[in-house]
Amino acid sequence: MDELLHAEELPDAEKPVDIQSKDIQLQDVSFSYDKESGKQVLSHINLKIPEEKFTALVGPSGGGKSTIARLIARFWDVNDGKITIGGVDIRSMPLAQLADIVSFVTQDNFLFNCSIKENIRLGNPDATDEEVYAAAKAACCDEFIQKLDNGYDTMAGDAGNRLSGGEKQRISIARMILKNAPIVILDEATAFTDQENEEKIQQSIAALTKGKTLLVIAHRLSTIKNADQIIVLQNGQVENTGTHQQLLTGDALYRDMWEAHIGAQNWSAGSGKGGN
Ligand SMILES: Nc1ncnc2c1ncn2[C@@H]1O[C@H](COP(=O)(O)OP(=O)(O)OP(=O)(O)O)[C@@H](O)[C@H]1O
Ligand SMILES: [Mg+2]
């Protein structure tokens, strides 16, 4: 508690900045969660996430993928280098402006202690009930919400224990859909979901993020093989960048990951369990 209360606040800019484009760049970014121990989580990362394109971030666990997403959303500031959106350093825009243009569905989804309907509406406080229901349908949550005792009016606190990780995540996706921000970051956003729902959500996400800057972090490579650009991250460094086909032929790590993924899929299909 004491540590939290004494934590340094992120300096916040006052005036909104004029941002012309929605491309994201990391320039020579280094970061460690704990400056004292000095364990470098990202070292000298350079990457471009082009505007209105689908970029995927893949790589072994612990490589720093979620850290990159959190730094773009400015949960922390970089130690070295800079992150820009439309050429503007994100530290020079107010946090509120950044929050308006970036929609971030995290690995650990959080529901607030209000009704399910209000939890979705947080994406856009001006949304009508009809818009909330439409977003819920697009994120494949309408069905399970209808089954709750009080449907959309069920308190998230009461329902929280009964909702699966995948269901909570789909509520976060509905919130993201309603928010309709120009930059969308999905961190393992469908990781807990079964295959049938995953395909439906993938289709919704693809349709709803057309024309947006989309960054998807995924372990299940089949969900990102159509990305315009795939960035392979390992041990805090960019190991390679390319399309699925380019990386399959040109990157041993990616090819191994792909083969392991396809192997796991075949195994689960063969064992009669749902695919993963
Ligand atoms: N809040 C934190 N405080 C301290 N260290 C952290 C924190 N979050 C992550 N780390 C460390 O930073 C490194 C990178 O973690 P990160 O979560 O970015 O990896 P990742 O690529 O997203 O992994 P995964 O695929 O398992 O989600 C790991 O060594 C992790 O232990
Ligand atoms: Mg992660």
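As the structure is a computational prediction, the values presented were derived from the model and not from experiment. (Residues numbered from 1 in each chain as written. Chains lettered and ligands numbered in written order. Predicted model: local features only at pLDDT ≥ 70, side-chain atom pairs only at ≥ 80, totals over all residues. Heavy atoms only, no water.)

Draft legend 1. Seen up close, unusual backbone geometry. The phi dihedral of Cys140 is positive, around 55°, even though this residue is not glycine. Assignment of secondary structure puts Cys140 in the loop between helix H5 (129-138) and helix H6 (142-147). For Cys140, a relative accessible area of 12% puts it in the buried group. Positive phi, close to 55°, is recorded for Asn180, a residue that is not glycine. (Helix = DSSP H or I, 4+ residues; strand = E, 2+ residues; numbered from the N terminus. Buried < 20%, exposed > 50% of the residue type's maximum accessible area, 1.4 Å probe, protein only.)

Draft legend 2. Structural context of the confidence of the model for the protein chain. Chain-level pLDDT for the protein chain is 88 on average; 93% of the residues reach the 70-or-more range. Residue range residues 272-276 is modelled with pLDDT below 50. Its contacts to residues more than four positions away, or to other chains, number nine contacts. (pLDDT = per-residue confidence, 0-100. Contact = heavy atoms within 4.5 Å.)

Draft legend 3. Layout of the pairing of strand E4 (residues 80-85). Where strand E1 (residues 24-31) and E4 come together, five bridges link them in antiparallel fashion. Each bridged residue has a counterpart across the sheet, and for Ile24 the counterpart in E4 is Ile85. Relative to strand E5 (residues 88-89), E4 is paired through two bridges, and the arrangement is antiparallel. Counted as the bridge partner of Thr84 is Asp89 from E5. Between E4 and the antiparallel strand that follows it, E5, lie two residues; Gly86 among them carries a positive phi value of about 55°. (Pairing = 2+ DSSP bridges.)

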